[in-house]
2 protein chains.
Amino acid sequence: MSISFDAPSTPEDEVPRVMRIGEVAELTGTTPRTIRYYEEIGLLAGGTDRQLGKHRCYSHGDVERIQEIVRLKDLLGLSLEQLSQLLEAETARADIRREFQATDDPERQRELLLQSRGHIDTQLGLVRGRIAELSRLEADLSARAQRVRDRLEALS
Amino acid sequence: MSISFDAPSTPEDEVPRVMRIGEVAELTGTTPRTIRYYEEIGLLAGGTDRQLGKHRCYSHGDVERIQEIVRLKDLLGLSLEQLSQLLEAETARADIRREFQATDDPERQRELLLQSRGHIDTQLGLVRGRIAELSRLEADLSARAQRVRDRLEALS
DNA sequence: ACTGATCCTTACGTGAACGTCAGATTATCA
DNA sequence: TGATAATCTGACGTTCACGTAAGGATCAGT
C-alpha cells in the first residue's frame, strides 16, 4: 500500500511501471490464479524470457489486454478456447509492432496493417451480431411490456 | 419423420399439438438431457401431474419458454441459478394467468398485471445494460479500426 | 543479512452444465 | 398383439474455468 513518492501522482500511464501478478489481478477484477491459467492455456503470452521460479512482470499494456479478454469473454460469451483463436493473431501483436517498427519496407508495413484490420473487423462482426440479437430480444420484451400496459389501461 | 396426414400443413400454431421431449429438444436446439436437467433444477415446471415413468408432454408454449430460457442464458450470460431467480415469477405464469382469468376482482387483476410488468421491466433492464456495454465495446473497436485505416492511408 | 509479504510450481479439488450408458418402461403402428 | 422407436429413471463420467492448499523461492524494505 505504500506508494513510492518518487513517482508522484502517478498519472496511470506515461511511466512504464512494472507490476506483479497480484496488482494486475486487482486492476482487472480477476485473481492471480486466473492470470496464470490464461498464460497456461496460451491466452496470454507468458514471457518466454522469464526464468523458472522468478516473479511474472506485467506492463500497463498487459493490463489492458487482460481487461479486453475479460470483456470479450463476458460480453460475447466465448470460451477461452474460442478466445484464443480469435486473438491468436493479436497474441503476436507485440511481435507485430516490433516488426512493424523494425522494417522499412512499406509493403510489409501495409501487410501488417491489413492483418490488424482484418482482426479488428472480425471482432466487430461478432460484437455487432450480438447487439443485433439483443436488440431483437429487447424489441420482443418491449412488445410484451406494451401489451401489459394496454391491459392495465383497459382496466381503469 | 412420418407426419400425420390428419394434421395437414400444420400451421405451427392454432392446433395445440402435444409433443415429446425429443421433438422439443430439436426445436429448441437442445437435448432431452438438457430439458430434463432444467426440470430437475426447477427451471421448468415439470408437470406435477405426470406419473412416474410416463413420457413428458410439452405444448407449443413450453417450446417458446425453453427458447426464451436459452436466449436469456446465452445473450445475458446468466447461470441457470440466476435464471431461475429471474424467471421465478414467470414460472408461475400459467398459474397467474389462470388466476387472472378466474378472478373477477379488478383490483386483483391489476395487481397481477403490475407484477408481470415489474418482471418484464427487470429483464429489459438487464438487456439494455448488456446492449450498452456492447455498444461501448463496439465504439472502442471502431476507434481502433479507424486508427489502422489512418495509418494505412498515411502509407500510400 | 533478515524478515514479512508476495510469488513460484505442483497438484488435487470444485461447481456448473450437461454427456453417456444401462436396463426397464411406454407409446405407436402395422 | 407384437415389434420398433422413443422415453424413463438412476447413476456415474466429463469438460471448463478456475479454487485451494502445500512447500519452497523471490523480492522490497530495514
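These numbers come from a predicted model, not from an experiment.

**Some points on the interface of chain B and chain A**
Facing 39 residues of chain B, the contacting portion of chain A comprises 39 residues. With both chains or domains summed, chain B and chain A bury close to 3900 Å², and 67% of this area falls on carbon and sulfur atoms. Linking chain B with chain A are six salt bridges, by the criterion used here. Here B:Glu68 ties to A:Arg144 by a salt bridge, and the two come within 2.4 Å at their closest N and O atoms. Linking chain B with chain A are eight residue pairs in polar contact (both at pLDDT 80 or more). When residues of the side of chain B that touches chain A are traced back to their parent elements, those giving at least two are helix 3 (60-76), helix 5 (93-102) and helix 6 (106-155) of chain B. In terms of residues, the side of chain B that touches chain A owes the most to one element, helix 6 of chain B, which gives 29 residues. Per-class residue counts for the side of chain B that touches chain A are 18 nonpolar, five polar and 16 charged.

**Some points on the relation of the copies chain B and chain A**
Relative to chain A, chain B is turned by 180° and slid 0.0 Å along the rotation axis, the superposed coordinates differing by an RMSD of 0.2 Å. Those values place the two copies in the arrangement expected of a two-fold rotation axis. When the interface residues of chain B are mapped onto chain A, 100% of them again fall at the interface, so both copies present the same face.

**Points about the nonpolar core**
In this structure, A:Ile35, A:Leu83, A:Leu134, B:Ile35, B:Leu83 and B:Leu134 are the most contacted members of the largest nonpolar core, which totals 67 residues. Ranked by residues supplied to this core, first place goes to helix 6 of chain B with 12 residues.

**Regarding the protein's contact with DNA strand D**
Near DNA strand D, the surroundings consist of 22 residues, among which A:Thr31, A:Tyr38, B:Gly22, B:Arg50 and B:Arg56 are the closest. The contact atoms of DNA strand D, taken as those within 4 Å of the protein, divide so that sugar and phosphate hold 77%. A:Tyr38 has a polar side-chain atom sitting 2.7 Å from a phosphate oxygen of DNA strand D. A distance of 2.7 Å separates a phosphate oxygen of DNA strand D from a polar backbone atom of B:Gly22.

**Considerations on the protein's contact with DNA strand C**
Lining the immediate surroundings of DNA strand C are 22 residues, of which A:Gly22, A:Arg50, A:Arg56, B:Thr31 and B:Tyr38 lie closest. In the model, a phosphate oxygen of DNA strand C is placed 2.6 Å from a nitrogen or oxygen of the A:Gly22 main chain. Between DNA strand C and B:Arg33, the relevant distance is 3.0 Å, taken from a base oxygen to a side-chain nitrogen or oxygen of the residue. Among the elements of the structure, helix 1 (21-28) of chain A together with helix 2 (32-40) of chain B are those that each provide at least two residues to the surface near DNA strand C.

**Overview of the packing of helix 1 (residues 21-28) of chain B against helix 2 of chain B**
Residue and element names in this part refer to chain B. Close contact between helix 1 and helix 2 brings their axes to 8 Å; oriented N to C, the two are set at 100°. Here helix 2 runs roughly perpendicular to helix 1, going by the angle between their axes. Counting all contacts with helix 1, which are made through Ile-21, Gly-22, Val-24, Ala-25 and Thr-28, the residues of helix 2 involved are Pro-32, Ile-35 and Arg-36. Class assignment of the residues belonging to the contact of helix 1 with helix 2 gives a composition of five nonpolar, two polar and one charged.

**What to know about the packing of aromatic side chains**
Residue and element names in this part refer to chain A. Enumeration over the complete set of coordinates arrives at two aromatic pairs over all chains. On the basis of an interplanar angle of 45° and a centroid distance of 6.4 Å, the ring pair of Tyr-37 and Tyr-38 is categorised as tilted. Given a relative accessible area of 5%, Tyr-38 falls into the buried group.

**A closer look at the confidence of the model for chain A**
Residues and elements named next belong to chain A. This prediction gives chain A a mean pLDDT of 87; 86% of its residues lie at or above 70. Helix 5 (residues 93-102) is the least confidently modelled element of chain A, averaging 71 in pLDDT, while helix 1 averages 98, the highest of any element. Counted against residues more than four places away or in other chains, residues 1-13, with its pLDDT under 50, gives two contacts.

The rules behind these values
- Residues numbered from 1 in each chain as written.
- Chains lettered and ligands numbered in written order.
- Predicted model: local features only at pLDDT ≥ 70, side-chain atom pairs only at ≥ 80, totals over all residues.
- Heavy atoms only, no water.
- Contact = heavy atoms within 4.5 Å.
- Buried area = accessible area lost by both parts, 1.4 Å probe.
- Salt bridge = Lys/Arg side-chain N within 4 Å of Asp/Glu carboxyl O.
- Polar contact = N/O pair within 3.5 Å; in protein donor to acceptor, adjacent residues only side chain to side chain.
- Helix = DSSP H or I, 4+ residues; strand = E, 2+ residues; numbered from the N terminus.
- Nonpolar A, V, L, I, M, F, W, Y, C, P; charged D, E, K, R; others polar.
- Least-squares fit on C-alpha atoms with pLDDT ≥ 70 in both.
- Core = buried A, V, L, I, M, F, W, Y, C linked by side-chain atoms within 4.5 Å.
- Buried < 20%, exposed > 50% of the residue type's maximum accessible area, 1.4 Å probe, protein only.
- Near = heavy atom within 4 Å.
- Axes fitted to C-alpha atoms, helices over the stretch in contact; angles between N-to-C directions.
- Parallel < 35°, antiparallel > 145°, perpendicular 65-115°, else oblique.
- Phe/Tyr/Trp six-rings, centres within 6.5 Å; stacked < 30°, edge-to-face > 60°.
- pLDDT = per-residue confidence, 0-100.

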